[in-house]
Amino acid sequence: MSRTARFNLPARLLHWTMAALILAMLFIGVAMVTSLAHYHTLVALHRPLGIGILVLALLRLLNRWRHPPPDLPSDLPGWQRRAAHVSHVLLYGLMLALPLVGWAMLSAAGYPIGLAGSLVLPPILPRDPSLYVWLRPLHTLLAYTLFGLVLAHLGAALMHGLIRRDGVFSSMVARPTQARSRYHRGRLEGETR
């Protein structure tokens, strides 16, 4: 497995898709707590999105294992390298743990997790109100932790993209200048034929 200067296309697509889903989930979660009028609609969105994030996180881990991420810049201080590594481990851990804890919490409460139509996930824990009471605040704590890590991740991305300009940010985004030059090169070749 060779290292490249950019994340592969599946990694980039999964990253940005999951970023949108996770932000949506965090806002839906906050809205669920504050809006009783729309609670059932929000829960109906929250449950399948959580399972979708779990599936995408597993796909992302598989892709990351098969296609390792680009190396960090050699001039990046050691503490920043360690912070990047720890934050990514925590982000992946939370992307897996939050949906699983949510699923376990709902299983313990005896609530089904409907995905689409009549498709319902089986419970992963027996019905147990004392487990539910323990898992619910854990789910909330993990969600706040994920929100904090997302903010730190965004701050680090902006630092790499706007201040250091070291290629870390651009390794996860499409390069419009390359796409534009490929487009113009293709048009010129088409015009000369």
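The structure contained in this document is the topic of the report that follows. Only a predicted model underlies this, so the values are computations on that prediction, with no experimental measurement involved. (Residues numbered from 1 in each chain as written. Predicted model: local features only at pLDDT ≥ 70, side-chain atom pairs only at ≥ 80, totals over all residues. Heavy atoms only, no water.)

### Looking at the overall build of the chain
Then, in step 1: Along the chain, the regular secondary structure elements total five helices and two strands.
Then, in step 2: In sequence order, the secondary structure elements of the chain are arranged as α-α-α-β-β-α-α.
Then, in step 3: The buried share among the 193 residues of the chain stands at 31%. (Helix = DSSP H or I, 4+ residues; strand = E, 2+ residues; numbered from the N terminus. Buried < 20%, exposed > 50% of the residue type's maximum accessible area, 1.4 Å probe, protein only.)

### Comments concerning helix 1 (residues 9-34)
Then, in step 1: The end-to-end C-alpha distance of helix 1 is 38 Å, a good match for the 38 Å that 26 residues give at a rise of 1.5 Å each.
Then, in step 2: Those residues of helix 1 that are buried lie in contact with helix 2 (39-66), helix 3 (78-109) and helix 4 (129-164).
Then, in step 3: Between a side-chain oxygen at the N-terminus of helix 1 and the backbone nitrogen of Ala11 the separation is 3.0 Å; the capping residue is Asn8. (Expected span 1.5 Å × (residues − 1). Contact = heavy atoms within 4.5 Å. Polar contact = N/O pair within 3.5 Å; in protein donor to acceptor, adjacent residues only side chain to side chain.)

### What about the pattern of salt bridges?
A side chain of one charge can pair with a side chain of the opposite charge if their charged atoms are brought near each other.
Then, in step 1: The final tally for this structure, using the stated rule, is two salt bridges.
Then, in step 2: Measuring nitrogen to oxygen at the nearest pair gives 2.8 Å for the salt bridge that ties Asp75 to Arg164. Here the residue Asp75 occupies a position in the loop between helix 2 and helix 3, and Arg164 occupies one in helix 4, the gap between them amounting to 89 residues.
Then, in step 3: For Arg164, a relative accessible area of 26% puts it in the partly exposed group. (Salt bridge = Lys/Arg side-chain N within 4 Å of Asp/Glu carboxyl O.)

### Concerning the packing of helix 3 against helix 4
Then, in step 1: Across the interface, helix 3 lies against helix 4 with an axial gap of 8 Å and an inter-helix angle of 150°. In terms of orientation, helix 3 lies roughly antiparallel with respect to helix 4. Between helix 3 and helix 4 lies a crossing of left-handed hand.
Then, in step 2: Across the contact of helix 3 with helix 4, the residue classes tally to 21 nonpolar, seven polar and one charged. (Axes fitted to C-alpha atoms, helices over the stretch in contact; angles between N-to-C directions. Parallel < 35°, antiparallel > 145°, perpendicular 65-115°, else oblique. Left-handed = near helix turned anticlockwise from the far one by under 90°. Nonpolar A, V, L, I, M, F, W, Y, C, P; charged D, E, K, R; others polar.)

### Here we look at the environment of Phe147
Then, in step 1: One can find Phe147 in helix 4.
Then, in step 2: Distance from Phe147 to Leu91, taken between C-alpha atoms, is 9.9 Å for residues 56 residues apart in sequence.

### Focus: unusual backbone geometry
With the exception of glycine, the majority of residues adopt a negative phi angle, and the majority of peptide bonds are in the trans configuration.
Then, in step 1: The phi angle at Arg165 is positive, at roughly 50°, despite the residue not being glycine.
Then, in step 2: Mapped onto the elements of the fold, Arg165 is located in the loop between helix 4 and helix 5 (176-192).

### Overview of the environment of Val150
Then, in step 1: By the element assignment, Val150 lies in helix 4.
Then, in step 2: Taking the C-alpha atoms as reference points, Val150 and Leu91, 59 residues apart in sequence, are found 7.9 Å from one another.
Then, in step 3: Look past the residues within four positions of Val150 in its chain and what remains in contact with it is Ile22, Leu23 and Leu91.

### Observations concerning the environment of Asp128
Then, in step 1: By secondary structure assignment, the location of Asp128 is in the loop between strand 2 (119-121) and helix 4.
Then, in step 2: According to the relative accessible area criterion, Asp128 is partly exposed, its value standing at 25%.
Then, in step 3: In this structure, the C-alpha to C-alpha distance between Asp128 and Ser107, residues 21 residues apart in sequence, is 8.3 Å.

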